Amino acid sequence: MLDLTELRKDSVFKLFLNDLLLYSRYVSNRQSENVLSKSEFELHFSKAIRENSLLSKKVISNAMGFTDLDVFWELNSKLNKQLAFLNRKYNLKKITSDQMRSFLNAEALNSFVFDKKITSGVRISMMDDGGDECLEKYNNCQMNATAIYAVELVGCVAVAGPLGWSPIGPIIYLACIGSSTYQLYTSDRICKTDFKYCK
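Note that the structure is a prediction, hence the values are computed from the model and not measured.

Asker: Just checking my understanding: could you explain the state of the cysteines for this structure?
Answerer: By definition, a disulfide links the sulfur atoms of two cysteines through a covalent bond. Across all of its chains, the model carries three disulfides by this definition. Each disulfide pairs two cysteine sulfurs, and for Cys141 the partner residue is Cys191, the sulfurs being separated by 2.0 Å. Because the torsion about its S-S bond is -85°, the bridge between Cys141 and Cys191 counts as left-handed. Of this pair, Cys141 sits in helix H7 (residues 133-160) while Cys191 sits in helix H8 (residues 169-196), placing them 50 residues apart in sequence. By relative accessible area, which is 22% here, Cys141 ends up partly exposed. For Cys156, the disulfide goes to Cys176, at an S-S distance of 2.0 Å. Here the S-S torsion is close to -85°, and the disulfide linking Cys156 with Cys176 is therefore left-handed. On the criterion of sequence distance, the pair formed by Cys156 in helix H7 and Cys176 in helix H8 is long-range, its members being 20 residues apart. Residue Cys156 is classed as buried on the basis of its relative accessible area, which comes to 1%. Since its relative accessible area comes to 25%, Cys176 is described here as partly exposed. Listing the disulfide partners of the protein chain by sequence rank of the bonded cysteines yields 1-6, 2-5, 3-4.

Analysis parameters
- Residues numbered from 1 in each chain as written.
- Predicted model: local features only at pLDDT ≥ 70, side-chain atom pairs only at ≥ 80, totals over all residues.
- Heavy atoms only, no water.
- Disulfide = S-S within 2.5 Å.
- Helix = DSSP H or I, 4+ residues; strand = E, 2+ residues; numbered from the N terminus.
- Buried < 20%, exposed > 50% of the residue type's maximum accessible area, 1.4 Å probe, protein only.

The following block contains the structure:
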């Protein structure tokens, strides 16, 4: 059984939550109006990983709101390594999106995520909505999307982990991670559209 109290105290888990919030912050601050279809996104994601395609790495990092492709791929790698470590230690496959959202909300309140590399004319805080109902809905939408993304990543690690580096393991893992990342990408667009037409 997953010990949530121990998990909450774990320093690697706290780093994971902070990095996840930072990742989500980049995504929520992206300004691109170009929309990639799921097949385009997954194709570029796969080429970026499997073929080390510079063009595909740029397409994905820009789509996710990162102007520096190295920052995106390093943060992506860091999240996956942290999650693999945490899953080995705690067997996270039982964690729910509600539990993850609760952890993210608590971490967001404890340590405001800020990175000078994020440049945006509009900075929307996940912590302070200033009493604005539309902003509160937007913040909740973003936090839900981030929590679901985190739980999907856990699933990717849990499913592909036992397969190891067998011929099928990396293929399943890559497809799963690409699909999860696309979910966060589209969820962000939905949150922004709902926010735009709120009131």
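Structure shown, so let's carry the discussion forward.
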